[in-house]
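Residue-level structural notes
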Amino acid sequence: LFLGGINIECTEKFYTCKYDKPFKEIMLNEKNKDILTKLLEHILKVKITNIEINNIERNSGNIKIKRKHLDALLTTSEGKIGIEVNANNKSYVHPRNFAYICDTYASHTLVGEIYNEDIKIIQINFSYSLNDSIPYRIYRIKDDHGNLYVENFVIYDYNMEYYKKIWYTNNERKIKKDKYLIMLDLESEELKKIAKKDKVVNKYMDELVNLNENPKFREYMTAEEDARKIYNSEMYEARQTGMQEGLKNGLKQGKEQGLEQATKEIVEKMLKEKMKEEEISKFT
């Protein structure tokens, strides 16, 4: 692009597994179980002998319960594992993800004739924008004295920005140690630097590049980003209008009405753009 006497290089955005869609497309593909296995083995420090990819939508049969669109739900030799990819650190993320894994725990525990803790229920969160110096945290349900309430419930929360910083240090020893975490947010040229030394990373790189070159995938990602930006912009404007009305009238009702009207208008716009109802539900 030539603009005002300046040459500007235009490049298409490269979508890494920081986003849930490419993560699902690659990691939940039957042919890529070897990639997912290596990643999980690195995190859990165990040998996984089998992975079964389960239905990732829960509570679909009950219209009174909010649908849960999980990023990944697996049955493995180490237990049932739910995986969540959190591109942003929003206030709703922890309650939502906790609800997901509790639902998995309940679904497993309530099936069968006895209550037991033989099967581990694990959630792994790949979280970005945490602004934290700790690489990962492990959560369990304990009392004030450190005694576990149940033995088979655990949540891993990985600080993905921490691992991206390792990449920028160029410390080969550390990069080699955590390469399966680091690779999740590397672009193609960066991946080439470690792919030649590891066949799993090389396969992951090929899958990610091919995915980014797929027109249908790019169309989906572009539409999703556009819808999210429109929704965020409209909601910001609605909040401002609603709060001003609320202050003006001395009523909380003003803010609520402003938000309700804005949400209605957003949904109407999305429907006109022929977006699927599931996608609209995801944003609203």
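Everything in this summary refers to the structure shown in the same document. Worth saying up front: this structure is predicted, and the values here are computed from it rather than measured.

As for the overall build of the protein chain
Looking only at helices and strands, the protein chain features eleven helices and ten strands. Relative to its full complement of 284 residues, the protein chain shows a buried share of 41%. Partitioning the intrachain contacts of the protein chain with sequence separation of at least 6 by distance along the chain shows that 59% fall at a separation of at least 24. Total accessible area on the protein chain is roughly 17,800 Å²; 50% of this is exposed by carbon and sulfur atoms.

Description of the pairing of strand 8 (residues 121–127)
The buried count for strand 8 comes to seven of seven residues, which makes it a mostly enclosed element. Direction of pairing for strand 7 (residues 79–86) relative to strand 8: parallel, over a ladder of seven bridges. Looking at strand 8, one finds that Ile-83 is bridged to Ile-124. One ladder, built from seven bridges, connects strand 8 with strand 10 (residues 153–159); its direction is parallel. When the sheet's bridge partners are listed, Ile-124 is paired in strand 10 with Tyr-156.

Regarding unusual backbone geometry
Glycine aside, residues mostly have negative phi angles, and peptide bonds mostly take the trans form. The backbone phi angle of Ser-129 is positive, close to 60°, even though this residue is not glycine. Relative to the helices and strands, Ser-129 is located in the loop between strand 8 and strand 9 (136–139). You can call Ser-129 partly exposed: its relative accessible area is 30%. You will see that Asn-131, though not glycine, has its phi angle at about 55°, which is positive. Along the chain, the position of Asn-131 falls in the loop between strand 8 and strand 9.

Describing the pattern of salt bridges
Pairing between side chains of opposite charge can happen when their charged atoms approach one another. Within the structure shown, the criterion is met by twelve salt bridges. In this structure, Asp-178 and Lys-177 form a salt bridge, with 3.7 Å as the shortest nitrogen-oxygen distance. Under the relative-accessibility criterion, Asp-178 is labelled buried at 8%. Given the relative accessible area of 54%, Lys-177 is considered exposed.

Notes on the sheet that holds strand 10
Pairing within the open sheet is mixed, and its six strands lie in the order 3-6-7-8-10-9. Two strands bound the open sheet, and with one partner strand each, they are strand 3 (51–53) and strand 9. Strand after strand, the sheet turns through a mean of 20° between neighbouring axes, direction not considered. Against the sheet, helix 2 (residues 33–44) touches strand 3, strand 6 (72–76), strand 7, strand 8 and strand 10, its axis set at about 100° to strand 8. Lying over the sheet, helix 4 (residues 160–169) contacts strand 8, strand 9 and strand 10, oriented at roughly 40° with respect to strand 10.

A look at helix 4
Within helix 4 the residues assigned to the buried category are Met-160, Tyr-163, Lys-164, Ile-166 and Trp-167. Each buried residue of helix 4 sits inside an arc of 150° when the element is viewed along its axis, so together they form one side. Along helix 4, the residues that are exposed and aim more than 90 degrees away from the buried face are Lys-165 and Tyr-168. The inward-facing, buried residues of helix 4 contact strand 8, strand 9, strand 10, helix 5 (172–177), helix 6 (179–182) and helix 7 (188–195). Where helix 4 ends, the next residue or the one after it, Asn-170, has phi of about 60°, a positive value.

A short note on the packing of aromatic side chains
Following the criterion strictly, the structure yields eight aromatic pairs and no others. Summarising the aromatic geometry, the rings of Tyr-15 and Tyr-19 are spaced 5.8 Å apart at their centres and angled 75° between planes, so their arrangement reads as edge-to-face. Since its relative accessible area comes to 17%, Tyr-19 is described here as buried. Consider the rings of Phe-98 and Phe-153, whose centres lie 6.2 Å apart with planes at 85°: the pair is edge-to-face. Of this pair, Phe-98 sits in helix 3 (residues 93–109) while Phe-153 sits in strand 10, placing them 55 residues apart in sequence. Residue class for Phe-98 comes out partly exposed when judged on its relative accessible area of 38%. The lysine or arginine in question, Lys-21, covers the ring of Tyr-220, its NZ or CZ lying 4.5 Å from the ring centre.

Describing the environment of Ala-238
Along the chain, the position of Ala-238 falls in helix 9 (residues 215–249). The exposure class of Ala-238 is buried, given its relative accessible area of 5%. When the C-alpha positions of Ala-238 and Thr-263 are compared, they lie 8.6 Å apart, and in sequence the two are 25 residues distant.

Cut-offs used in this document
Residues numbered from 1 in each chain as written. Predicted model: local features only at pLDDT ≥ 70, side-chain atom pairs only at ≥ 80, totals over all residues. Heavy atoms only, no water. Helix = DSSP H or I, 4+ residues; strand = E, 2+ residues; numbered from the N terminus. Buried < 20%, exposed > 50% of the residue type's maximum accessible area, 1.4 Å probe, protein only. Contact = heavy atoms within 4.5 Å. Areas by Shrake-Rupley, 256 points an atom, 1.4 Å probe, with all protein chains shown as cover. Pairing = 2+ DSSP bridges. Salt bridge = Lys/Arg side-chain N within 4 Å of Asp/Glu carboxyl O. Axes fitted to C-alpha atoms, helices over the stretch in contact; angles between N-to-C directions. Arc of directions from axis to C-beta. Phe/Tyr/Trp six-rings, centres within 6.5 Å; stacked < 30°, edge-to-face > 60°. Lys NZ or Arg CZ within 6 Å of the ring centre and 35° of its normal.

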